[in-house]
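Structural overview
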Amino acid sequence: MTKKQDRKAVRQPDSVRVGFAPLMQIPYYVQFLEAGLTALDLAEKYPPLSTIEIIVEGEVTAADSGVLTVYTQTAMSMAAVYSRLLLEFLGLRSGGNPSTLRQIVQRKDGDIGVEHYQKRDGTPLAMIAPSIVHEFPNPSEVERAWITTCDFAGQRLAHLTDDYKLENVDVTPMLRQAFETIPDLVRRFFLDHLR
């Protein structure tokens, strides 16, 4: 049996979920990256042990209170996870050692990707290539930010490890760059084509 015959067909995702993703999920993930930027701004402006209160509009008393770093770290971490998700949705991932930006070759069973959608004129959308970083100022910095953010989400957030891919560096500047550029990437190469 050849490798081609040995490879099983990828199970296509549920059509309801495919239809729902660009309406609700993708815009929500993009919005969360913007919340990640706000969290980075707050972390730079205030000491990490500052006390915060969450006040719901129209309420007199705080709905919750706590330490700033609990909020900022949670929001930054989730924004990093959603950054990785959005890049993978568009067809990019990090891989190798040292990590490089790579195009996804084949989706896993049930994964939803940009290629499941069409432009308004019926033209199918395609996965983007790593060269897309050249659409941004400072492409090498953007590429490094996307790789680092993917590695951060897949290594530092998902495992207690020796941090071999990230080498114990402060990833904050790369997270900021990713949170700033990925929403634009998603809008330009996915959402704007559907409107």
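Below is a short write-up of the structure. (Residues numbered from 1 in each chain as written. Predicted model: local features only at pLDDT ≥ 70, side-chain atom pairs only at ≥ 80, totals over all residues. Heavy atoms only, no water.)

1. Describing the pattern of salt bridges
By the definition in use, this model includes seven salt bridges. Put simply, arginine 188 and glutamate 135 hold a salt bridge, and the shortest N to O gap is 3.0 Å. Of this pair, arginine 188 sits in helix 5 (residues 172–194) while glutamate 135 sits in the loop between strand 4 (100–103) and helix 4 (139–156), placing them 53 residues apart in sequence. Counted as one network, the salt bridges with shared partners bring together Asp41, Glu44 and Arg176. (Salt bridge = Lys/Arg side-chain N within 4 Å of Asp/Glu carboxyl O. Helix = DSSP H or I, 4+ residues; strand = E, 2+ residues; numbered from the N terminus.)

2. A word on helix 4
If you check helix 4, its first and last C-alpha atoms are 24 Å apart, about what 18 residues at 1.5 Å a residue would give, namely 26 Å. Here helix 4 has its buried residues at Val142, Ala145, Trp146, Ile147, Thr148, Thr149, Cys150, Asp151, Phe152, Ala153 and Gln155. Among the structural elements, helix 3 (68–90), strand 3 (92–95), strand 4 and helix 5 are those in contact with the buried residues of helix 4. (Expected span 1.5 Å × (residues − 1). Buried < 20%, exposed > 50% of the residue type's maximum accessible area, 1.4 Å probe, protein only. Contact = heavy atoms within 4.5 Å.)

3. Things to note about the nonpolar core
Counting residues in each nonpolar core, the largest one holds 43 residues, and the members touching the most others are Ile26, Trp146, Phe179 and Phe190. Among the secondary structure elements, those contributing two or more residues to this core are helix 2 (15–45), helix 3, helix 4 and helix 5. Every residue in contact with phenylalanine 179, bar those within four places of it in the chain, is listed here: Leu33, Gly36, Leu37, Leu40, Met76, Ala79, Ala80 and Ser83. (Core = buried A, V, L, I, M, F, W, Y, C linked by side-chain atoms within 4.5 Å.)

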